[in-house]
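Secondary and tertiary structure notes
Now for the letters of each chain:
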Amino acid sequence: MNRFIYSMFRIFFLCTLVASLQLQAEEAGPIADNSFLIEEAYNQEEGVVQYIQAYQYSRHTKEWIYTFTQEIAVPNQTHQLSYVIPVASVGDPNSEKGIGDVLINYRYQLVANDTLAIAPRITLIAATGDEEKGLGNGATGYQVNLPISLLLNEKWITHWNLGTTYTPNAKDGLHPKQNLSGYNYGASIIYLQSNTFNWMLEYVKTSSDAFDEDGGKVTESAAFINPGFRFAKNFSSGLQIVSGLSFPIGLGPSKNDNGFLLYLSFEK
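The rules behind each value
- Residues numbered from 1 in each chain as written.
- Predicted model: local features only at pLDDT ≥ 70, side-chain atom pairs only at ≥ 80, totals over all residues.
- Heavy atoms only, no water.
- Buried < 20%, exposed > 50% of the residue type's maximum accessible area, 1.4 Å probe, protein only.
- Helix = DSSP H or I, 4+ residues; strand = E, 2+ residues; numbered from the N terminus.
- Pairing = 2+ DSSP bridges.
- Contact = heavy atoms within 4.5 Å.
- Polar contact = N/O pair within 3.5 Å; in protein donor to acceptor, adjacent residues only side chain to side chain.

Here we come to the pairing of strand β2 (residues 64–73). Side-chain positions along a regular strand alternate between the two faces of the sheet. Counting buried positions along β2 gives seven out of ten residues, so the element sits mostly inside the fold. Bridge analysis of strand β1 (residues 49–58) against β2 gives nine bridges, and the strand direction is antiparallel. Residue pairing across strands places Ile52 opposite Thr69, the latter belonging to β2. Counting the residues in the hairpin turn of β1 and β2 gives five residues, including Lys62, whose phi is positive at 65°. Alignment of β2 against strand β3 (residues 79–90), held across ten bridges, turns out to be antiparallel.

Structure representation (structure tokens):
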């Protein structure tokens, strides 16, 4: 698994280097739909496909998660389909590694103008992770999320999220089934130093049910502030490569749970 992590780093820096050396690149509009922990409310344009990779590591728990996402307009920007495949390492010191529960998403572009974007999302969470290893909930789940993006002026953009998750008849392989629920909210502020380089500051809070040792339910919460940056290279072929780096800092229930996040996307 260490080889996998090292390969991710090599891919990240190689693509960044290639992008920075591309001489025939074209300047385009501001980077959109490329945040890290906060969802931006911009659907893909017709005919555009985006491939997203992210790797997040916690120095405190030693756990990590890698996600691969593909987004596509079907058939146009009003309707977007996507899926997210997570691969994670959970538990310490005897960590379990494997594929988690896969997310299948539909997002509707409710509002899209020069200053405001709203794109509610509904998600089916497939029970693909091994619940006995802590990689999934052992049952089909459902999620809704409301992302809102607002252009404040030519240099500042803010994004807001509010969502909830529900998994009926979840199981962990040890206890009776339980109905699990949770919620999430957060916001970000982004400074556009240029169309291709942005400074980012995100805040996220989650609260969700989990199994306790006796088979009942316990509420687990997490909160992070996430400073970072992202930069893009736009090619004459229409390809856009976005790389990013951030440093999640645990707050409140997540105090001292700090780490880093690597981001890489290809869009054409």
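With respect to the helices, strands and loops of the structure, Glu40 is situated in the loop between α1 (2–21) and β1. In this structure Glu40 comes out as buried when scored by relative accessible area, which is 2%. Excluding residues that lie within four positions of it along the chain, Glu40 makes contacts with Ala32, Asp33, Asn34, Ser35, Arg107, Pro147, Ser149, His159, Ile190 and Arg230.

Relative to the elements of secondary structure, Ser207 occurs in strand β12 (residues 197–211). Residue Ser207 is classed as buried on the basis of its relative accessible area of 8%. Looking at Ser207, its side chain comes within polar contact range of the side chain of Ser221, at 3.4 Å. Leaving out residues up to four positions away in the same chain, Ser207 has contacts with Ser181, Gly182, Tyr183, Thr219, Glu220 and Ser221.

Mapped onto the secondary structure, Tyr191 falls in strand β11 (residues 178–194). Tyr191 sits in the partly exposed class, given a relative accessible area of 28%. Separated by 34 residues in the primary sequence, Tyr191 and Ile157 place their C-alpha atoms 6.7 Å from one another. Residues in contact with Tyr191, not counting those within four places in the same chain, are Lys155, Trp156, Phe197, Asn198 and Trp199.

With that settled, the discussion passes to the environment of Ser188. Inspection of the secondary structure assignment puts Ser188 in strand β11. The spatial distance from the C-alpha of Ser188 to the C-alpha of Leu201 is 5.5 Å, given a sequence separation of 13 residues. In contact with Ser188, other than residues within four places in its own chain, are Ile38, Ile157, Thr158, His159, Leu201 and Glu202.

Worth remembering: the numbers are spatial, not functional.
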